[in-house]
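Chain by chain, the residues:
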Amino acid sequence: MEILQRPDEMQQWVRGQRRSGACIGLVPTMGFFHDGHLSLMRLAAQHADTVVVSLFVNPTQFAPNEDLDRYPRDFERDMLMLRREQVAAVFAPTPELMYPPGFQTEVRVQHLTKYLCGRTRPHHFAGVTTVVTKLFNIVQPDVAVFGEKDYQQLAIIRRFVTDLNLPIRIIGGPIVREDDGLAMSSRNANLDRSHRASALSLSTGIGLARDLYRQGERKAMTIATAVQRHILSFPHTSIDYVSLIDSRNLDPVEQVDVHTMLALAVHIDGKVRLIDNGLLVPIKKEE
Ligand code: AMP
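Residues numbered from 1 in each chain as written. Predicted model: local features only at pLDDT ≥ 70, side-chain atom pairs only at ≥ 80, totals over all residues. Heavy atoms only, no water.

Draft legend 1. Spatial organisation of the overall build of the protein chain. Check the secondary structure of the protein chain and you find nine helices and nine strands. Taking 19 Å as the expected radius of gyration for a compact globule of 287 residues, we find that the protein chain reaches 19 Å, a close match to that expectation. In terms of principal-axis extent, the alpha carbons of the protein chain reach across some 55 × 40 × 35 Å. With an accessible surface of roughly 14,000 Å², the protein chain has 50% of that area assigned to carbon and sulfur atoms. Distance from the positive charge centre (33 side chains) to the negative charge centre (33 side chains) of the protein chain: 2 Å. (Helix = DSSP H or I, 4+ residues; strand = E, 2+ residues; numbered from the N terminus. Rg over C-alpha atoms; globule rule 2.2 N^0.38 Å. Areas by Shrake-Rupley, 256 points an atom, 1.4 Å probe, with all protein chains shown as cover. Lys, Arg positive; Asp, Glu negative; His and termini not counted. Charge placed at Lys NZ, Arg CZ, Asp CG, Glu CD.)

Below, the structure is given as structure tokens:
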């Protein structure tokens, strides 16, 4: 497995792969791998001959008051995990290599970035779309795989790839959960035992919404209020948003149906911000 740090080295390596006719798959990550990340790498291997993983904790998608410094990192552990996967190369640049002096360009999606996570993190998605554009230009993948855990991010990436005519197929991978339902996240490492118990309020909140739907409730407001109460009944929780949206376009809904998704963002102890989502009528795999 190649480990490459410099964008020009990465571009050169990938040119060699392309010359031999390989279809390239990219999985962008911020590292501190868990089974959710590994599932995306395996999905990429089903759609590409050569899988490249990027590992970069992108500073421009964190606001000054957010957890950039506390974001979990362990490069050696990550490399050990990757070596067991079908990963041909890792691109792990430094912030200085990605944003050399004089850098001043931004890629921004207008509408989709204003709601949900974009409301309290107004600069976040411009940081994401800019760094993903750079990663696409450096790795030049044929396919790129992103997790449905970050559902809004996936929708935004699909949007700019379409809008900018990028010749890249975007594939979404389902959410991988712990046995008790907690969605896997690198940030879970920053939860102590009692905080972890409170973190379960997100997945059990999705379960509650599904129960209400099964019992015939169709008013989004009623379901959202019940989920909010449920989350706030756990200690240390504060809500960023509890939203019922149309999974096809992310628009808020008043009446729920089979396309409705519950999207959640919750702070645990004011320090760890967790997100989760689920369709009210789950597809079989995720149930
Ligand atoms: P991150 O390293 O957290 O930026 O995530 C890298 C990629 O992994 C993103 O496309 C995420 O959506 C995806 N991802 C994170 N957690 C999960 C999970 N529990 N299941 C599936 N994909 C995930």
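Draft legend 2. Quick peek at the pairing of strand E8 (residues 260–268). For E8, the buried fraction is high: eight of the nine residues fall into the buried class. As paired elements, strand E7 (residues 237–246) and E8 share nine bridges and run antiparallel to each other. By the bridge assignment for E8, serine 243 is matched with alanine 263. Across eight bridges, the pairing between E8 and strand E9 (residues 272–279) is antiparallel. When the sheet's bridge partners are listed, histidine 267 is paired in E9 with arginine 273. Counted along the chain from E8 to the antiparallel partner E9, the turn is three residues long, and its residue aspartate 269 has a positive phi close to 60°. (Buried < 20%, exposed > 50% of the residue type's maximum accessible area, 1.4 Å probe, protein only. Pairing = 2+ DSSP bridges.)

Draft legend 3. Expanded view of the side chain of serine 185. In this fold, serine 185 is placed in the loop between strand E6 (169–173) and helix H8 (193–214). In terms of polar contacts, serine 185 uses its side chain to reach the backbone amide nitrogen of arginine 187, at 3.0 Å. With residues up to four places along the chain from it excluded, the contact list for serine 185 reads His34 and Lys149. (Polar contact = N/O pair within 3.5 Å; in protein donor to acceptor, adjacent residues only side chain to side chain. Contact = heavy atoms within 4.5 Å.)

Draft legend 4. Structural view of helix H1 (residues 7–19). Relative to the 18 Å expected for 13 residues at 1.5 Å per residue, H1 spans 18 Å between its end C-alpha atoms, a close match to the ideal helical length. Residues of H1 that are buried make contact with strand E1 (2–4), strand E2 (24–29), strand E3 (50–55), strand E4 (89–91), helix H4 (95–98) and helix H6 (124–139). Immediately downstream of H1, the backbone of glycine 21 shows phi near 85°, a positive value. (Expected span 1.5 Å × (residues − 1).)

Distances and angles like these do not, on their own, reveal function.
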